[in-house]
Amino acid sequence: RATVHTLFTRPPATLRVNRVVVATFRNETGDPKLEPIGALVSDYLSEALARLGSLQVVDAGTAAATDALIRRIPRLLRSSEDRALGEETGAKVVVAGNYYLEGDTIRFRARILDAESGAIRTPVEPVAALASAPSAGITALSARLVAVLRAASDEDATDLGRLSPPRSAAAYEAFRQ
């Protein structure tokens, strides 16, 4: 009841054009063992985007916690999950995506959304990697995403080459714990 009251009485969010939030990537593989990859991707992409001096990036932990809260709000009372994530974090730009399996290959898809309108601003070319070693795909996706947002912000990235993702979902899960 308090949630409903808050949703209807609070002022609308102020969305900042240069603020970006990366949603936890959705696991569409059907394999629960691959679930941690979604958080790994969003964490890694957030870190890479934070190196673009022109962007304010919502940290991955805040994004994940906010995303979990949004999913508890009935759909009737909120925008789509990705758009609501932008609204709740003040980010006008939302990076969202998913991953799925094709044989022994894992494919990552990402899109850049406008949280104000809900429109897809830019689809990012999908990338693929071996499911047993997804870090190559995550690195390629990160490079594409950084290039798109760097071009949009017309800023140079700094030290992007130094960041490398964990070699496996299990390694990332161990790091998080």
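Residues numbered from 1 in each chain as written. Predicted model: local features only at pLDDT ≥ 70, side-chain atom pairs only at ≥ 80, totals over all residues. Heavy atoms only, no water.

Draft legend 1. Inspection of the overall build of the protein at higher detail. Summing up its helical and strand segments, the protein has six helices and six strands in all. Looking at the protein as a whole, 42% of its 177 residues qualify as buried. A total accessible area of about 9500 Å² is found for the protein, and carbon and sulfur atoms account for 51% of it. (Helix = DSSP H or I, 4+ residues; strand = E, 2+ residues; numbered from the N terminus. Buried < 20%, exposed > 50% of the residue type's maximum accessible area, 1.4 Å probe, protein only. Areas by Shrake-Rupley, 256 points an atom, 1.4 Å probe, with all protein chains shown as cover.)

Draft legend 2. Seen up close, helix 2 (residues 36-50). With 15 residues, helix 2 should cover 21 Å at 1.5 Å per step; its first-to-last C-alpha distance of 21 Å lies within 8% of that length. Helix 2 sits mainly inside the fold: 13 of its 15 residues count as buried. (Expected span 1.5 Å × (residues − 1).)

Draft legend 3. Structural context of the packing of aromatic side chains. Applying the stated criterion across every chain yields a total of one aromatic pair. Note on Tyr99 and Phe108: the rings are 6.1 Å apart at their centroids and 40° apart in plane angle, and the pair reads as tilted. Residue Tyr99 shares its accessibility class with Phe108, and that shared class is buried. (Phe/Tyr/Trp six-rings, centres within 6.5 Å; stacked < 30°, edge-to-face > 60°.)

Draft legend 4. Representation of the nonpolar core. Counting residues in hydrophobic clusters, the biggest one holds 28 residues, and the most contacted among them are Leu49, Phe108 and Leu141. Mapped by element, the contributors of at least two residues to this core are strand 1 (16-22), helix 2, strand 4 (91-102), strand 5 (105-114), strand 6 (120-130) and helix 5 (135-153). Per-element accounting of this core gives the leading share, seven residues, to helix 2. Excluding residues that lie within four positions of it along the chain, Leu49 makes contacts with Val20, Val22, Leu55, Val57, Val95, Leu145, Val146 and Leu149. Membership of the second largest hydrophobic core comes to 12 residues, among which are Val21, Ala63, Ala96 and Ala115. (Core = buried A, V, L, I, M, F, W, Y, C linked by side-chain atoms within 4.5 Å. Contact = heavy atoms within 4.5 Å.)

Draft legend 5. Inspection of helix 4 (residues 81-89) at higher detail. Taken together, the buried positions of helix 4 are Asp82, Ala84, Leu85, Gly86 and Thr89. Once helix 4 finishes, Gly90 follows within two positions and takes phi at roughly 75°, a positive value.

Draft legend 6. Fine view of the pairing of strand 5. Within strand 5, seven of the 10 residues are buried, leaving the element largely enclosed by the surrounding structure. Summarising the sheet, strand 4 and strand 5 pair through 10 bridges and their orientation is antiparallel. Bridged to Val93 within strand 5 is Asp114. Connecting the antiparallel pair strand 4 and strand 5 is a turn made up of two residues, with Gly103 showing a positive phi of about 65°. Bridging between strand 5 and strand 6 involves eight bridges; their strand directions are antiparallel. Bridged to Arg107 within strand 6 is Ala128. (Pairing = 2+ DSSP bridges.)

Draft legend 7. The pattern of salt bridges, seen in detail. Under the definition given, this model contains seven salt bridges. Among the salt bridges present, the one from Lys92 reaches Glu116, with a minimum N-O distance of 3.0 Å. On the criterion of sequence distance, the pair formed by Lys92 in strand 4 and Glu116 in the loop between strand 5 and strand 6 is long-range, its members being 24 residues apart. Judged by relative accessible area, which is 13%, Lys92 ranks as buried. (Salt bridge = Lys/Arg side-chain N within 4 Å of Asp/Glu carboxyl O.)

Draft legend 8. View of the confidence of the model for the protein. Of the residues in the protein, 74% have a pLDDT of 70 or more, and the chain-wide mean is 80. Note on residues 155-164: pLDDT is under 50 here. Beyond four places in sequence and across chains, it has 21 contacts. (pLDDT = per-residue confidence, 0-100.)

Draft legend 9. Fine view of the environment of Ala65. Structurally, the position occupied by Ala65 is in helix 3 (residues 60-72). By relative accessible area, which is 43% here, Ala65 ends up partly exposed. For the pair formed by Ala65 and Thr24, sequence separation is 41 residues and the distance between their alpha carbons is 9.9 Å.

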